[in-house]
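So the chains spell out like this:
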Amino acid sequence: MKKKTTGFTLVELMVTLSVAGILLAIAVPSYTAMVENNRLATAANSFISSMGLARSEALKLRADITVAVADNSTATNEWGKEGWAIAGGGTPNWTADDGWEATQPSGVTVLKQIPKLSSAITLNSAGNYSEFTYSADGSVDQLDTLDLCAGSGEPVRQISVERTGRVSFSVSESDTCP
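Throughout what follows, the structure given in this document is the object of discussion. (Residues numbered from 1 in each chain as written. Predicted model: local features only at pLDDT ≥ 70, side-chain atom pairs only at ≥ 80, totals over all residues. Heavy atoms only, no water.)

1. Things to note about the overall build of the protein
Stage number 1. Secondary structure summary: the protein contains one helix and eight strands in total.
Stage number 2. Element order for the protein, N to C, with α for helix and β for strand: α-β-β-β-β-β-β-β-β.
Stage number 3. Among the 178 residues that make up the protein, the fraction classed as buried is 34%.
Stage number 4. Long-range contacts, defined here as pairs at least 24 residues apart, represent 50% of the contacts in the protein between residues at least 6 apart. (Helix = DSSP H or I, 4+ residues; strand = E, 2+ residues; numbered from the N terminus. Buried < 20%, exposed > 50% of the residue type's maximum accessible area, 1.4 Å probe, protein only. Contact = heavy atoms within 4.5 Å.)

2. Overview of the sheet that holds strand S3 (residues 109–114)
Stage number 1. Ordered by their spatial adjacency, four strands build an open sheet running S3-S2-S1-S5, and the pairing between neighbours is antiparallel. The sheet terminates laterally at S3 and strand S5 (131–134), the two strands that pair on one side only. This sheet shows a mean twist of 15° between the axes of neighbouring strands, independent of strand direction.
Stage number 2. Examined bridge by bridge, strand S2 (residues 84–88) and S3 share five bridges and lie antiparallel to one another. Bridged to Ala 85 within S3 is Gln 113.
Stage number 3. On the sheet, helix H1 (residues 10–61) packs against strand S1 (65–69), S2, S3 and S5 and is oriented at approximately 155° with respect to S1. (Pairing = 2+ DSSP bridges. Axes fitted to C-alpha atoms, helices over the stretch in contact; angles between N-to-C directions.)

3. A closer look at the pattern of salt bridges
Stage number 1. Following the criterion strictly, the structure yields three salt bridges and no others.
Stage number 2. Note that Glu 36 is salt-bridged to Arg 39, the shortest N-O span being 3.6 Å. With Glu 36 and Arg 39 both in helix H1 and three residues apart, this pair spans about one turn of that helix.
Stage number 3. Under the relative-accessibility criterion, Glu 36 is labelled partly exposed at 22%.
Stage number 4. Here Arg 39 falls in the partly exposed class, since its relative accessible area comes to 41%.
Stage number 5. Between Glu 57 and Lys 60 there is a salt bridge, with the nearest N and O atoms lying 3.1 Å from each other. Note that Glu 57 and Lys 60 are positioned in helix H1 at a spacing of three residues, about one turn of the helix.
Stage number 6. When its relative accessible area of 16% is taken as the criterion, Glu 57 is described as buried.
Stage number 7. Classification of Lys 60 by relative accessible area gives exposed; the value is 57%. (Salt bridge = Lys/Arg side-chain N within 4 Å of Asp/Glu carboxyl O.)

4. Let's talk about the nonpolar core
Stage number 1. By size, the foremost hydrophobic cluster in this structure holds 26 residues, and its most contacted members are Phe 47, Trp 79 and Leu 123.
Stage number 2. Contributions of two or more residues to this core are made by H1, S1, S2, S5, strand S6 (144–149) and strand S7 (155–161).
Stage number 3. Here this core takes seven residues from H1, the largest share from any one element.
Stage number 4. Ignoring sequence-local partners within four residues, the contact set of Phe 47 consists of Trp 79, Trp 84, Leu 123, Phe 132, Leu 146, Ile 159 and Val 161. (Core = buried A, V, L, I, M, F, W, Y, C linked by side-chain atoms within 4.5 Å.)

5. Focus on a nonpolar patch on the surface
Stage number 1. On the surface, a cluster of nonpolar side chains totalling about 590 Å² of accessible area is made up of Phe 8, Leu 10, Leu 13, Met 14 and Leu 17.
Stage number 2. With respect to the helices and strands, Phe 8 occurs in the segment before H1.
Stage number 3. According to the relative accessible area criterion, Phe 8 is exposed, its value standing at 72%. (Patch = residues over 30% accessible without salt bridge, like charges linked within 9 Å, V, L, I, M, F, W, Y side chains within 5 Å. Areas by Shrake-Rupley, 256 points an atom, 1.4 Å probe, with all protein chains shown as cover.)

This is the structure we're talking about:
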């Protein structure tokens, strides 16, 4: 009587592993690109929703509301490095040493703080602005375009801030990230 064996042969196992390796080699680059695109979309949505919140609060409270880069001690235009905050009553006082919890100038109230972006992502103001202030009518004090980049050679994602307070998002067809 012959003994019946169950399981895989070595050839079947090697073929299965080869097929799995080929599928992984095809899927991993696509997955990496998808993750990077999601990070960029999250960063863009975070900034756009912050601007929308500031605009709606300015209209609701009939007062100036400021969106300011977190580390305004260096007057930087890099919004993603330390994050940003939304404040009413003036520009919030923030430095890398004391954080948002430090004493704010009289009358300034921090409404929301947005943490820094992933270290691989940059969000730079083309006009070198470190803050935007919405007035009671919903307009913003300056227009600007912010460049959102994740890696060298990638297309630049642009966030445009118009004087009316409207914020829009686009992907540049001609510019690439440095």
